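Observations on the three-dimensional arrangement
Residue-level listing of the chains:
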Amino acid sequence: MLLIVAHHSVVNSGLFGAISSEKISSVSTYAMLMFGAWGKTGINCFVFITGYFMCRSQITLRKFVKLYTQIFFYSVVISVIFLVAGYTHPDFRTAYGFVRSLIPVYSLTSDNFTSCFLVFWLFIPFLNILVQHLDKRQHRLLIILSVFFWSVMSVDLRYNVAMDYVGWFSILYFISSYVRFYPESFARVSHRQWGTLSGLSILAGAMSVIVCTYAWLSRDAARCEPFYFVADSNQIFALLIGFTTFMWFKDLDIRQSRIINLLGGATFGVLLIHAHSDTMRQWLWFDTIDMTGHYHALGAGMMLLYSAGCVAAIFMVCALVDIARSRYIEPWLNPKVERLFQSAWHRMKRLMPAASRQ
């Protein structure tokens, strides 16, 4: 999640646009692009973790309500806060945005992770039926076919993939469930070797950012933008880094930690808060933190320190807010929403026989 916030500090703050328009090659340019290059890797890690555990679990109404109410709560509350604070005004655009916030799934584009993840969550029971009924060979061939066309082929700059997060998350689900079902397939690779592969993948991804940035700044290569091989999530290094790092951390010997569990449970809330809307991006990255202004005023070293401090502060503040929500709001709100869903489901079941008779 820290990598995702750092990525947003570059691409959602106007900083990437400033670098793109100025096309000035400097230490600060390379440093900040490197700092914000790893957000899609973080998304892949997040979905790998989800798939690894959910392929042996069941989606229940309570689990879905827990996810839905978290998204719904921040969608409504943050919109109201901006309105009450006077940052937005009660006009048609604000009213439309508020109504849209009541419907968590309003877009399935690649820039709307939250909606795509919620829809992907609904597909998990069906994905489980699929992966649990494939034999090992079929499962492996499905992964090879999917990764080849959605990731490997994208290395060719002329090959276009219409990125669809729900579909890509399903591919990551195939991979992580294979790891869970067939751990013996990876037994020849030691834990230390996975760490080495992770480091090499990160190094290769970093080199791709440097090379693409140089080509982008000096030759105006439109397709070869700095993050081409690490973003979007299906790009080859975003996939390799995410997978090898996941495999290394999966068997890392870490003692039970209350702090890690507490912060880990709040990471999705960090995403929902700091990436809530265009209004939040404007207030956070432009008006409050002013990444572009500091980029022009500070040197490379101080800019990196400033950016890292802002990212850490955003993470901690949002995490504390979500911990408070889960402790004080969730026990009160979730049972009410769950009863509402159950009531709606029972009414639908009563109507379905009547509809079939007609």
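See the structure above.
Here we summarise the structure given alongside this text.

Criteria and cut-off values
- Residues numbered from 1 in each chain as written.
- Predicted model: local features only at pLDDT ≥ 70, side-chain atom pairs only at ≥ 80, totals over all residues.
- Heavy atoms only, no water.
- Core = buried A, V, L, I, M, F, W, Y, C linked by side-chain atoms within 4.5 Å.
- Buried < 20%, exposed > 50% of the residue type's maximum accessible area, 1.4 Å probe, protein only.
- Helix = DSSP H or I, 4+ residues; strand = E, 2+ residues; numbered from the N terminus.
- Phe/Tyr/Trp six-rings, centres within 6.5 Å; stacked < 30°, edge-to-face > 60°.
- Axes fitted to C-alpha atoms, helices over the stretch in contact; angles between N-to-C directions.
- Parallel < 35°, antiparallel > 145°, perpendicular 65-115°, else oblique.
- Left-handed = near helix turned anticlockwise from the far one by under 90°.
- Contact = heavy atoms within 4.5 Å.
- Nonpolar A, V, L, I, M, F, W, Y, C, P; charged D, E, K, R; others polar.
- Salt bridge = Lys/Arg side-chain N within 4 Å of Asp/Glu carboxyl O.
- Polar contact = N/O pair within 3.5 Å; in protein donor to acceptor, adjacent residues only side chain to side chain.

Another point: the nonpolar core. In terms of nonpolar packing, the biggest core is built from 97 residues, with Phe169, Ile175 and Phe227 touching the most fellow members. Examining the composition of this core, we find that 12 residues originate from one element, helix α9 (residues 165–181), more than from any other.

Turning our eyes to something else, we now look at the packing of aromatic side chains. By the definition in use, this model includes 37 aromatic pairs. Aromatic side chains phenylalanine 117 and phenylalanine 169 sit 6.5 Å apart centroid to centroid with 70° between the ring planes, which places their arrangement in the edge-to-face category. Separated by 52 residues along the polypeptide, phenylalanine 117 in helix α7 (residues 113–133) and phenylalanine 169 in helix α9 bring together distant segments of the chain. With respect to burial, phenylalanine 117 and phenylalanine 169 carry one shared label: buried. Geometrically, the ring pair formed by tyrosine 178 and tyrosine 182 is tilted, given 4.9 Å between the ring centres and 55° between the ring planes.

A few words on unusual backbone geometry. Looking along the chain, the bond that leaves alanine 231 and enters aspartate 232 is cis, with omega of 25°. When you line up the elements, aspartate 232 lands in the loop between α10 (191–219) and α11 (236–250). Positive phi is not limited to glycine here, since aspartate 290 has a value of about 55°. Mapped onto the elements of the fold, aspartate 290 is located in the loop between α14 (278–288) and α15 (291–297).

Put simply, helix α4 (residues 39–54) and α7 touch, their axes get as near as 11 Å, and they point 25° apart. With respect to α7, the element α4 is oriented roughly parallel. Taken as a pair, α4 and α7 cross one another with a handedness that is right-handed. Mapping the contact onto sequence places Ile43, Phe46, Val47, Thr50 and Met54 in α4 and Phe113, Phe117, Phe120, Trp121, Ile124 and Asn128 in α7. When grouped by side-chain class, the residues that make up the contact of α4 with α7 number 9 nonpolar, 2 polar and no charged.

Enumeration according to the criterion identifies 8 salt bridges in this entry. Close ionic contact of glutamate 184 with lysine 136 constitutes a salt bridge, the shortest N to O distance being 3.5 Å. In this pair, glutamate 184 sits in the loop between α9 and α10 while lysine 136 sits in helix α8 (residues 136–150), placing the two residues 48 residues apart along the sequence. We classify glutamate 184 as partly exposed; its relative accessible area is 47%. Relative accessible area serves as the criterion here: at 29%, lysine 136 is assigned to the partly exposed category.

Right, let's get into the side chain of threonine 69. Note on placement: threonine 69 falls in helix α5 (residues 61–84). A distance of 2.9 Å separates polar atoms of two side chains, one belonging to threonine 69 and the other to asparagine 334. Not counting the four nearest positions on each side in its chain, threonine 69 is found in contact with Leu333, Asn334 and Val337.

Residue placement: isoleucine 202 occurs in helix α10. Of the residues examined, isoleucine 202 reaches a relative accessible area of 39% and is grouped as partly exposed. Sequence spacing of isoleucine 202 and histidine 89 is 113 residues, and the spatial spacing of their C-alpha atoms is 44 Å.

In this section: the environment of isoleucine 289. Its location among the elements puts isoleucine 289 in the loop between α14 and α15. Sequence-wise, isoleucine 289 and isoleucine 143 are 146 residues apart; in three dimensions their C-alpha atoms are separated by 42 Å.

Helix α13 (residues 267–274) packs onto α5 with a crossing angle of 30° between their chain directions and a minimal axis gap of 10 Å. In terms of axis orientation, α5 runs roughly parallel to α13. As α5 packs across α13, the resulting crossing turns out to be right-handed. Taken together, the residues of α13 that come into contact with α5 (itself represented by Leu67, Gln70, Ile71, Tyr74 and Ile78) are Phe268, Gly269, Leu272 and Ile273. Here the residues of the contact of α5 with α13 are counted per class, giving 7 nonpolar, 2 polar and no charged.

The next point concerns the side chain of serine 176. Within the secondary structure layout, serine 176 lies in helix α9. Not counting the four nearest positions on each side in its chain, serine 176 is found in contact with Val47, Phe48, Gly51 and Tyr52.

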